[in-house]
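# Remarks on the overall topology
Here is how the chains run, residue by residue.
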Amino acid sequence: MFAAIVVHELGHSLVAARFGYKTRDILLLPIGGIASLERMPEDPKQELAVAVVGPLINVAIAGLIFLGILATGGSTRLSEATSAGGAIATQLMWINLGLALFNLLPAFPMDGGRALRALLAMRIGRRRATDVAATLGRVFAAVLFVYGLYANPLLCVIAFVVWMGATQERAVVQLKSALQGVPVSARCFAASIP
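Bear in mind the structure is a predicted one, so any value in this text is a computation, not a measurement.

About the cut-offs
- Residues numbered from 1 in each chain as written.
- Predicted model: local features only at pLDDT ≥ 70, side-chain atom pairs only at ≥ 80, totals over all residues.
- Heavy atoms only, no water.
- Axes fitted to C-alpha atoms, helices over the stretch in contact; angles between N-to-C directions.
- Helix = DSSP H or I, 4+ residues; strand = E, 2+ residues; numbered from the N terminus.
- Parallel < 35°, antiparallel > 145°, perpendicular 65-115°, else oblique.
- Left-handed = near helix turned anticlockwise from the far one by under 90°.
- Contact = heavy atoms within 4.5 Å.
- Nonpolar A, V, L, I, M, F, W, Y, C, P; charged D, E, K, R; others polar.
- Core = buried A, V, L, I, M, F, W, Y, C linked by side-chain atoms within 4.5 Å.
- Buried < 20%, exposed > 50% of the residue type's maximum accessible area, 1.4 Å probe, protein only.

## Some thoughts on the packing of helix α2 (residues 44-72) against helix α4 (residues 88-103)
Contact pair α2 / α4: the axes reach a minimum separation of 8 Å and the direction vectors enclose 160 degrees. On the basis of the axis angle, α2 is roughly antiparallel to α4. The two elements α2 and α4 meet at a crossing, and its hand is left-handed. From α2, Pro-55, Asn-58, Val-59, Ile-61, Ala-62, Ile-65, Phe-66 and Ile-69 reach across to α4, where they touch Ala-89, Thr-90, Leu-92, Met-93, Asn-96, Leu-97, Leu-99, Ala-100 and Asn-103. Grouping the constituent residues of the contact of α2 with α4 by class yields 13 nonpolar, four polar and no charged.

## Remarks on the nonpolar core
By size, the foremost hydrophobic cluster in this structure holds eight residues: Val-15, Ala-16, Tyr-21, Leu-37, Met-40, Val-50, Val-53 and Ile-57. Elements represented by at least two residues in this core include exactly α1 (2-18) and α2. Take this core: its biggest share by element is three residues, from α2. When residues no more than four places from it in sequence are discounted, the contact partners of Met-40 are Tyr-21, Glu-47, Arg-114 and Arg-126. Ranked by size, the runner-up nonpolar core spans seven residues in total, among them Ala-107, Met-110, Ala-141 and Val-162.

Okay, here's the thing in structure tokens:
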């Protein structure tokens, strides 16, 4: 499973590198991974490509595993994947599909939220698109947190990470927008005022 997450994050990094953006590091967590780019692409088409490649890789991995299961005569039934003695390949196939679907939820800062922002930015501009995507991300995080209180405390941790990510990204884009057109000398002067 971690190998699939690593490949997912490498996909983001390689597509970003294709557009000239470097990756500082890839952080693996028990709840997933994060590819930290030096900066996100400003071009919505590039951001869309970087965002969707990770889930597409998970779908491709699931497809390859599916073909392997079919070739060996195994079962791909979901009941087989959730049974205690279920085939590892079947479980990995469903895990990869689950990762792809979860990452495609339009909750910023997840891949689906970034894709949503990119699509919206093509029509309403990056700042407004970020506001919409971040708001959806925070709503998703709040719902996930409440659900996690009853279902699984790990979901509360995921909700917290999503909430903080959406809040931070919104703040960064608002700051960039506010500083746009302000000379560097004025920014340095404002930063030096006690």
